[in-house]
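If you want the building blocks of each chain, they are given just below.
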Amino acid sequence: MFIASVTAVSRWFDQKRPLATGIAVSGAGIGIFVCAPFFRLLIDHYGGEGALLIEGGLALQGCVFALLLRPIPPNEKCKKYNDVIESKNERIPLQKAPLDDGSAKPFPLMMLPNCAPKVYETMGSVVRSRTFWLFAVSQFLTFVSSMGPLVFLYNRAVLDLGVEPMQASYVLSILGIANTCGRLLFGALANRFPKSSLYLLSGTIMTYGVATAFSVLGTSFWSLAIYAVIFGAGYGCMFALTTVVLVDLFGIGLFGPIYGNIGLFRGVAALAGPPFAGWLIMATGQTHTAVFVLKGILGFVGGAVLLIIALSRYRRSRYMSMVAETFY
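Residues numbered from 1 in each chain as written. Predicted model: local features only at pLDDT ≥ 70, side-chain atom pairs only at ≥ 80, totals over all residues. Heavy atoms only, no water.

Re the confidence of the model for the protein
Piece 1. For the protein, per-residue confidence averages 76 on the pLDDT scale, and 71% of positions sit at 70 or higher.
Piece 2. Scored below 50 in pLDDT, residues 80-100 makes 46 contacts in the model with residues more than four places away or belonging to other chains. (pLDDT = per-residue confidence, 0-100. Contact = heavy atoms within 4.5 Å.)

Structure representation (C-alpha cells):
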C-alpha cells in the first residue's frame, strides 16, 4: 500500500514533488503520535488479541482510500519532446554520458524542463548501476539501524530507566510528532533547495545515527524525549526524501519498480534487525546499551554511503558541464 501510494504521488507531482511527498507521508507520523497511547489503552481493555483485531480493521480502511487514486495522465510536454527527438534526431546535438556500469549512452544536451534523459530505460540497466547498489546498501543499513529505536525505545524507557509504562508511551508520541514535522520540514526544504535533497538525506541519517549511539548516556524521561525528537525528525526525513532522491537519480519512468526493489532491502532489514537486537540484548545482560550503540553506528555508516553517490554525481555534473562548454 505504501509503495503504491508514494509512487502515485511521485508521478502526479512534478514541480513540487518533495513538498507533496512530505505532506503525503506525514500521515505516518501522525499515526505514531495517536496510536502509541491509543493501543496502550486497547491492550489494557481488550488484551493483545483484541487490540490486534481492532488495529487490523483500521488498517483495512486504507483500501477505501486506495480506490480514490486516479490514473495518471500522460505528460504531454515530454511526449511531444520525445516525438521531436525521434522525428528530427539529426537536429538535436548528442553527447555520450557515462553510466555507472562503465558504458556510455547518447542523450541530448538541450532538454525541456522536467523531461529527464532516458539514461535508465530498463530495470536491467538500473540493477547494473553502482548507484542502485550503493543506495540499496544505505537503505539496508539505515533500516537495520532504525528498527532498534522503533522497537526497543519503549522497553529501554521502562526496563532500563524505570519510566512508567503510560509515560513511556508518550515518548513514542513525541517521536511521532517529530516524525510528522520532519517529513513536512524536510519536504519543504528539498522543494526550496532541490539540488540539496541527497545531502539533506545523508546528513539527517548520519545525525540521528550519532544521536542513537549517544542516547545511552540519557538517564531520564526528558533525555529520551530529546532523543525521540532528533530520531523522529531524521526518520521522517528519510521517508520524505527517499522517493525524491530516487527520482533525481533514476528518473520517474521506472520509479515504481525501483522503489519496490529498494523496499525489498528495507524489508529484509526490518525482518532481521529486531531478532538480532533481541539476541544482542540477551547476550549483553538484558540492557539496551549495546543495541543502541551498534544501531547508531550502522545508521551513521548508512548515511555516509550516500555521500559516495553525491560525490559521483558531482564529478559527473562537472564532466557534463565541460562537455557542454566544449560543444557550444
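And the narrative resumes.
Here's the deal with the pattern of salt bridges
Close approach of charged atoms lets side chains of opposite charge pair.
Piece 1. Counting across every chain of the model gives one salt bridge.
Piece 2. Between Asp-160 and Arg-156 there is a salt bridge, with its nearest N and O atoms 3.7 Å apart. Taken as a pair, Asp-160 and Arg-156 lie in helix 6 (residues 130-160) at a separation of four residues, close to a single helical turn. (Salt bridge = Lys/Arg side-chain N within 4 Å of Asp/Glu carboxyl O. Helix = DSSP H or I, 4+ residues; strand = E, 2+ residues; numbered from the N terminus.)

Topic: the packing of helix 9 (residues 221-250) against helix 10 (residues 255-283)
Piece 1. Interaxial distance between helix 9 and helix 10 falls to 10 Å at its minimum, and their mutual angle equals 130°. When the axes of helix 9 and helix 10 are compared, the pair comes out oblique. With respect to the hand of their crossing, helix 9 and helix 10 are arranged in right-handed fashion. Of the residues in helix 10, those touching helix 9 at Phe-239, Thr-242, Thr-243, Leu-246, Val-247 and Phe-250 are Phe-255, Ile-258, Tyr-259, Ile-262 and Arg-266.
Piece 2. Residues of the contact of helix 9 with helix 10, tallied by class, amount to eight nonpolar, two polar and one charged. (Axes fitted to C-alpha atoms, helices over the stretch in contact; angles between N-to-C directions. Parallel < 35°, antiparallel > 145°, perpendicular 65-115°, else oblique. Left-handed = near helix turned anticlockwise from the far one by under 90°. Nonpolar A, V, L, I, M, F, W, Y, C, P; charged D, E, K, R; others polar.)

Some details on the environment of Arg-40
Piece 1. Inspection of the secondary structure puts Arg-40 in helix 2 (residues 17-60).
Piece 2. On the basis of relative accessible area, Arg-40 is assigned to the partly exposed category, the value being 24%.
Piece 3. Spatially, the C-alpha atoms of Arg-40 and Ala-51 are 8.7 Å apart, while their sequence positions differ by eleven residues.
Piece 4. Not counting chain neighbours up to four residues away, the residues in contact with Arg-40 comprise Cys-35, Tyr-154 and Met-166. (Buried < 20%, exposed > 50% of the residue type's maximum accessible area, 1.4 Å probe, protein only.)

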